[in-house]
Amino acid sequence: MSTFEFSDFRITPSRESVSPMLSADHDIEFLFICERDHLVVETSGRWRDVEQAMEMIRRIAAEAEAEGQQRVLWYFDLTDFKPTQLECYKIAEGTIPIFRNFILALVRHPPVDAAPSLRIDDIGDIAHNRGYTGRHFADSDEARRWLLSTPLYATHLWDQ
């Protein structure tokens, strides 16, 4: 077993070039932790609509690019997350070009109601079927293992 060293990661401040998400209209909070070989993102708060989801995705991609990371481990803990099937499709379609060059492992917080987690799974399945290199997980250890074992070239296989 390897020993943990504080130098293996750092918490990064929010980028000023990306608008803050904590406001009256958008109350999502972010925590970014840059580890040696991937970016860890924690989001929490109230989910409201497709545009808010797209803003989160753009912000996470901007942070990963700024940190030079192609792997992202996203802990998704949002309340009121009950998108319709059409909203799932819109989120998946919008995510693909933004996360095209990233490997994303999304860990959903176990919800009280199973319907929201099924919607996250739907989004992941739709995106994966269209060439997106990402998976959704209920277990954070499994997510990290998959993320770190997936080769970076996998993000470019769909472009050939």
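Quantities reported herein were computed from a predicted structural model and do not represent experimental measurements. (Residues numbered from 1 in each chain as written. Predicted model: local features only at pLDDT ≥ 70, side-chain atom pairs only at ≥ 80, totals over all residues. Heavy atoms only, no water.)

### Section: the side chain of T95
Among the secondary structure elements, T95 is positioned in helix α2 (residues 85–98). On the basis of relative accessibility, which here comes to 7%, the residue T95 falls in the buried class. A polar side-chain atom of T95 sits 2.6 Å from the main-chain carbonyl oxygen of I91. (Helix = DSSP H or I, 4+ residues; strand = E, 2+ residues; numbered from the N terminus. Buried < 20%, exposed > 50% of the residue type's maximum accessible area, 1.4 Å probe, protein only. Polar contact = N/O pair within 3.5 Å; in protein donor to acceptor, adjacent residues only side chain to side chain.)

### Points about the packing of aromatic side chains
Per the counting criterion, the structure on display carries four aromatic pairs. Pairing F99 with F102 gives two aromatic rings, centres 5.6 Å apart and planes at 90 degrees, and the pair type is edge-to-face. In this structure F99 comes out as buried when scored by relative accessible area, which is 1%. The class for F102 is buried, based on a relative accessible area of 4%. Between F137 and W146, the aromatic rings sit 5.7 Å apart at their centres with planes inclined by 45 degrees, giving tilted as the arrangement. The exposure classification of F137 matches that of W146, with both residues buried. (Phe/Tyr/Trp six-rings, centres within 6.5 Å; stacked < 30°, edge-to-face > 60°.)

### Re α2
For α2, which comprises 14 residues, the first-to-last C-alpha distance of 21 Å matches the rise-based estimate of 20 Å (1.5 Å per residue) to within 8%. Every buried residue belonging to α2 is among C88, I91, A92, G94, T95 and I96, and all of these are buried. (Expected span 1.5 Å × (residues − 1).)

### Remarks on the nonpolar core
Of all hydrophobic cores here, the largest spans 29 residues; its most connected members are V41, M56, I60 and W74. Within the residue set of this core, elements represented by two or more residues are β2 (28–35), β3 (39–46), α1 (50–67), β4 (71–79), α2, β5 (103–108) and α3 (114–129). With eight residues, α1 is the largest single contributor of residues to this core. Grouped together as the second largest cluster of nonpolar side chains are 10 residues, V40, L73, A105 and F137 included. (Core = buried A, V, L, I, M, F, W, Y, C linked by side-chain atoms within 4.5 Å.)

### So, the side chain of T150
As for its position among the elements, T150 is in the segment after α4 (140–149). Owing to a relative accessible area of 9%, T150 belongs among the buried residues under this scheme. A polar contact of 2.7 Å, which involves the side chain of T150, links it to the backbone oxygen of W146. With residues up to four places along the chain from it excluded, the contact list for T150 reads R71, I103 and T133. (Contact = heavy atoms within 4.5 Å.)

### Quick look at α4
Residue pairs spaced three or four apart in an α-helix point in one direction, given the helix's 3.6 residues per turn. Buried residues of α4: A143, W146 and L147, and no others. Across the axial projection of α4, the buried residues extend over an arc of 100 degrees, all falling on one side. Turned more than 90 degrees off the buried face of α4, the exposed positions are D141, R145 and S149. The secondary structure elements touched by the buried residues of α4 are β4, β5 and β6 (134–137). (Arc of directions from axis to C-beta.)

### Let's talk about the environment of S140
Relative to the assigned elements, S140 resides in helix α4. Distance in space between the C-alpha atoms of S140 and Y75 is 8.3 Å, their sequence separation being 65 residues. Not counting residues within four places of it along the chain, the set of residues in contact with S140 comprises Y75 and V107.

### Points about the confidence of the model for the protein chain
When pLDDT is averaged along the protein chain, the result is 76; 68% of the residues meet or exceed 70. For the stretch residues 1–25, pLDDT sits under 50, and the model shows 41 contacts to residues farther than four places along the chain or on other chains. (pLDDT = per-residue confidence, 0-100.)

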